[in-house]
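Here is what each chain is made of, one letter per residue.
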Amino acid sequence: METSSQCSRCLYDTSHPLGLEINEKGICSGCLIHEEKDYLDWDQRWNDLLDLVKDYKCKQKVKYDCIVPVSGANDSYFILHIVKNKLNLNPLVVTYNKYFNTPIGIKNLANLRTKFDVDVLIQNINPTIVKKITKTTLFELGSMYWPCIAGQTVFPVQTSIRYNIPLIIWGAHQGLEQVGMFSHLHNVEMTRRYRKDHDLMGMEADDMLNTFNTLSEEDMCQYRYPSDSDLRKAGTRGIYLGNYIRWDPKAQHEKMIKLYGYESASFNRTFETYDHIDCYNYLNIHDYLKYLKTGFSKVTDHACREIRHGRLTKPQAKSLVSYYENRNIQNQNLFYDWLGVDENSFNFILRKIAEENNRDPNNIEISHRKKNKSVSNNLMKLDYKINSSINRDKKTQYITIGKGYP
Ligand SMILES: [Zn+2]
């Protein structure tokens, strides 16, 4: 069996689930791609972007120039800031409802619609079907998030065809702040293949149908990637802004807080307060499942990112990871209720996943760990802003359909 080796700069090793390479100097592909940011000509790349979008700008003001996929978190504000206010495009904003919405996520989405003055198209798939698929992927793949990722990556592409809007503008592709593997110079674009390999763990809707007999054609149709001929006819093309703009999620979010009042909140299992705050599960159950399956939790991704941006040293990053990755998950009861399972059956699934991956499912700490001095100092140094909370003083419950805030 191949042994894994760790990157000499960050905390990733070759067992990373997304796949990475380590060069002869011991540096991983993620760190190498990050290094490109220092020597690329970003003015030139911005001009390339201006050239690229020129062809998609519609002459009539009444038509949309592009599609921008958003949520109540992640890089949504920054992408719209660039698309609307820097590129002067008229976007149709689309969002896939993953049903695990936090009040802060709905607030951010409502505020985005007003601040950027855009039309937002929301896709609400029949919850009975979403639950059925979630049960299958959870039990068979150890993933409760497959429908969320599949939905949010396919709905914009389906919309491109339905509305005949060829250009889709995404933020950063998954490799950019994580495992690299694609140079900025590749100008990688979103394709069926990229989505399947990098977003969906190699499982497209049709693969699920063929593999698991619990699902039907009818269940999966909303998650199907459009056909090649439809894509060609519409001229659909998905570009990533991270290839054209020097990407720094922390700095970008902080700018969005100042400019547009983006709200941020703290979580139990990472120090990052900007990225996944729209979801009750991503940094809780989903993160714990990721940890059981791969040995990595999200805090490792965040810590590696901060090392590369020069805001943490490797030992500081390590101390943060060991503090956060063993902290307890929260709000799991909401998920049991939503899915219609009890805690015992869920724990059975956890044990199954842990055993399949040679891990101990009982090693999670229930009590709050005390922050030691080094963890507190590192958090102070990083200075992630927290200007709100995920519940915003409302009831702790999924907002399955967000009507927005008045
Ligand atoms: Zn590295």
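Caption draft 1: A look at the overall build of the protein chain. Of the regular secondary structure elements, the protein chain holds 17 helices and five strands. When burial is assessed residue by residue, the protein chain has 44% of its 406 residues classed as buried. Across the protein chain, every contact between residues at least 6 apart in sequence was considered, and the portion connecting residues at least 24 apart equals 76%.

Caption draft 2: Up close: the environment of E217. Along the polypeptide, E217 turns up in helix 9 (residues 217-220). With 180 residues separating them along the chain, E217 and K37 place their C-alpha atoms 44 Å apart.

Caption draft 3: Quick look at helix 12 (residues 285-294). Within helix 12, eight of the 10 residues are buried, which leaves it mostly tucked inside the rest of the structure. What helix 12 keeps buried is the set I285, H286, D287, Y288, L289, K290, Y291 and L292. Packed against the buried residues of helix 12 are helix 13 (298-308), helix 15 (332-339) and helix 16 (343-356). A positive backbone phi angle near 85° is found at G295, which sits one or two residues after helix 12.

Caption draft 4: Main features of the domain arrangement of the protein chain. Here the domain parsing of the protein chain yields domain 1 (1-39), domain 2 (40-243) and domain 3 (266-382). The gap between the C-alpha centroids of domain 2 and domain 3 is 25 Å. Across the boundary between the two partners, domain 2 contributes 22 residues, which contact 17 residues of domain 3. Elements with a contribution of two residues or more to the side of domain 2 that touches domain 3: helix 4 (103-116) and helix 5 (127-141). By residue number, the principal contributor to the side of domain 2 that touches domain 3 is helix 5, which donates five residues. Across the side of domain 2 that touches domain 3, the residue classes tally to seven nonpolar, 11 polar and four charged.

Caption draft 5: Expanded view of the nonpolar core. With 72 residues, the main nonpolar core has C66, V68, I79, L80, V83 and I169 as its most contacted residues. Setting aside residues no more than four positions away along its own chain, C66 makes contact with Y56, V83, L89, P91, I165, L167, I168 and I169. Ranked by size, the runner-up nonpolar core spans 21 residues in total, among them C10, C31, I307 and V321.

Caption draft 6: Molecular detail of the pairing of strand 3 (residues 119-123). When strand 2 (residues 91-96) meets strand 3, the two strands line up parallel, connected through five bridges. The partner of L92 across the bridge, within strand 3, is D119. Of the crossover connections in this fold, the one passing from strand 2 over helix 4 to the parallel strand 3 is right-handed.

Caption draft 7: Just the packing of helix 3 (residues 76-86) against helix 11 (residues 249-260), in detail. Contact geometry of helix 3 with helix 11 gives a least axis separation of 9 Å together with a crossing angle of 70°. Taken together, the axes of helix 3 and helix 11 are roughly perpendicular relative to one another. Listed contacts from helix 11 to Y77, F78 and H81 of helix 3 are Q252, M256 and Y260. Residue composition of the contact of helix 3 with helix 11, grouped by class: four nonpolar, two polar and no charged.

The rules we used
Residues numbered from 1 in each chain as written. Predicted model: local features only at pLDDT ≥ 70, side-chain atom pairs only at ≥ 80, totals over all residues. Helix = DSSP H or I, 4+ residues; strand = E, 2+ residues; numbered from the N terminus. Buried ≥ 20, exposed ≤ 12 C-beta atoms within 10 Å, placed from the backbone. Contact = placed C-beta atoms within 7 Å. Domains from an automatic or database assignment. Nonpolar A, V, L, I, M, F, W, Y, C, P; charged D, E, K, R; others polar. Core = buried A, V, L, I, M, F, W, Y, C linked by C-beta atoms within 7 Å. Pairing = 2+ DSSP bridges. Right-handed = clockwise from strand over helix to strand, strands pointing away. Axes fitted to C-alpha atoms, helices over the stretch in contact; angles between N-to-C directions. Parallel < 35°, antiparallel > 145°, perpendicular 65-115°, else oblique.

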